Amino acid sequence: KVYDIKTIRVIAGTRQRLRRTANVQRRRVQRKILHPDYPQAPGCDIALMQLQTKLDIDGKYRAIASLEFDEYPVIGQLCIAAGWGRTYLNGPCPNDILHVKMLIISVDPAHISLHRPSDYAQAACSGDSGGPLFCQEKGYNIKSIRVIAGTRRRLRRTANVQRRRVQRKILHPEYPRASGCDIALMQLQTKLDIDGKHRAIAPLEFDEYPVFGQHCIAAGWGTIYNGGPSPNDILYVKMVVIGIEPSKFVLSRHSDYAQAACSGDSGGPLFCGGDYKSIYCNVYTKI
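Residues numbered from 1 in each chain as written. Predicted model: local features only at pLDDT ≥ 70, side-chain atom pairs only at ≥ 80, totals over all residues. Heavy atoms only, no water.

- The chain has the name Peptidase S1 domain-containing protein in an unreviewed UniProt entry, where Glossina morsitans morsitans is given as its organism.

Okay, structure coming up:
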């Protein structure tokens, strides 16, 4: 179906498509800029939409994702697609934005990434085209991330709690990211105040690794179960070391199979008489 480009509206500042408030921005499209190298024979295209008037990007509004990234998702990586596409084939479009988990099955960096739904009863549909695909942090603007210090409660806001924006992410140049994860440092826009009231959670230097069978403790604000909410109070779990490779990483597992580190605990510490940095689910490395 061919639409008159001037009848298309771009909506920003809301998750509800039909919502009309002072915070919702609606813009007309001036023109469509087709990708010159993408073949339009299949009946689809890759294009940019030039708006008649700019969107207001300020303290209330920000881009849903950064337009720049240095790597593609990998085969087998689980991602999330979101949009106002139809709820079923030829069905209606929802008011609230919906999302679906997708599994990467093919990657061609020169052109596009192909993916399929992890649940065959769900998939992206007509109207989701042009929407974002979130693959770990790749869908998030790095400047929207906040670092919280000086509290065990994530949502607490007092004079002792420090909250900082992230300026940039510094990826480890030698860590292979084919597994869908990475090792990185976060450079803050402003320094944390390290004084009599605040100190580092653990020293950054140590001279030995934990040993096989040693019991350690992992801590973080990760989700309390797979796909569940994140807690307000920081939680911890006892872990036992089951594998060590000093040149790369330390593997660990939970001592109680009903408990484990979960999504959102990545980057948190592992305490074993020294400090290790979490990089992925139950995998830790020296920092």
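From this point, things continue past the structure.
**Observations concerning unusual backbone geometry**
Glycine aside, residues mostly have negative phi angles, and peptide bonds mostly take the trans form.
Line of reasoning, step 1. In this structure, Asn90 takes a positive phi of about 65 degrees despite not being glycine.
Line of reasoning, step 2. Of note, Asn90 is situated in the loop between β4 (78-83) and β5 (98-107).
Line of reasoning, step 3. The class of Asn90 is exposed, set by a relative accessible area of 68%. (Helix = DSSP H or I, 4+ residues; strand = E, 2+ residues; numbered from the N terminus. Buried < 20%, exposed > 50% of the residue type's maximum accessible area, 1.4 Å probe, protein only.)

**Side note on the pattern of salt bridges**
Line of reasoning, step 1. Summed over the entire model, instances satisfying the criterion amount to three salt bridges.
Line of reasoning, step 2. As a salt-bridge pair, Asp233 and Arg153 come within 3.1 Å of each other at their nearest N and O atoms. Residue Asp233 is located in the loop between β11 (215-220) and β12 (235-245), and its partner Arg153 is located in the loop between β8 (146-149) and β9 (162-171); the two are separated by 80 residues in the primary sequence.
Line of reasoning, step 3. For Arg153, a relative accessible area of 42% gives the class partly exposed.
Line of reasoning, step 4. A salt bridge links Asp193 to Arg164; the nearest nitrogen and oxygen atoms lie 3.6 Å apart. (Salt bridge = Lys/Arg side-chain N within 4 Å of Asp/Glu carboxyl O.)

**Some points on the state of the cysteines**
Line of reasoning, step 1. Following the criterion strictly, the structure yields zero disulfides and no others.
Line of reasoning, step 2. The closest cysteine sulfur to the non-disulfide-bonded Cys125 is located on Cys93, 8.5 Å from its own sulfur. (Disulfide = S-S within 2.5 Å.)

**Thoughts on the nonpolar core**
Line of reasoning, step 1. The biggest cluster of nonpolar side chains holds seven residues, and these are Cys216, Ala218, Val237, Met239, Val241, Leu270 and Cys272.
Line of reasoning, step 2. Per-element accounting of this core gives the leading share, three residues, to β12. (Core = buried A, V, L, I, M, F, W, Y, C linked by side-chain atoms within 4.5 Å.)

**Some points on a nonpolar patch on the surface**
Line of reasoning, step 1. A cluster of nonpolar residues, Ile224, Tyr225 and Leu235, forms a patch on the protein surface that exposes about 310 Å² of accessible area.
Line of reasoning, step 2. As for its placement among the helices and strands, Tyr225 is situated in the loop between β11 and β12. (Patch = residues over 30% accessible without salt bridge, like charges linked within 9 Å, V, L, I, M, F, W, Y side chains within 5 Å. Areas by Shrake-Rupley, 256 points an atom, 1.4 Å probe, with all protein chains shown as cover.)

**Points about the sheet that holds strand β3 (residues 47-51)**
Line of reasoning, step 1. Overall, antiparallel pairing links the three strands, which are arranged β1-β2-β3 in an open sheet. The open sheet terminates on both sides in strands that have one partner only, identified here as β1 (9-12) and β3. Strand-to-strand twist in this sheet, taken as the mean axis angle between neighbours without regard to direction, amounts to 50 degrees.
Line of reasoning, step 2. Pairing of β1 with strand β2 (residues 25-34) involves four bridges; the strand directions are antiparallel. Counterpart to Val10 in the pairing with β2 is Arg27. (Pairing = 2+ DSSP bridges. Axes fitted to C-alpha atoms, helices over the stretch in contact; angles between N-to-C directions.)

**Observations concerning the sheet that holds strand β10 (residues 184-188)**
Line of reasoning, step 1. One open sheet holds the three strands; their spatial order is β8-β9-β10, and the pairing between them is antiparallel. At either margin of the open sheet sits one strand with a lone partner, and together these are β8 and β10. Strand after strand, the sheet turns through a mean of 50 degrees between neighbouring axes, direction not considered.
Line of reasoning, step 2. Bridge count between β8 and β9: four bridges; the pairing is antiparallel. For Val147, the partnering residue across the bridge sits in β9 and is Arg164.

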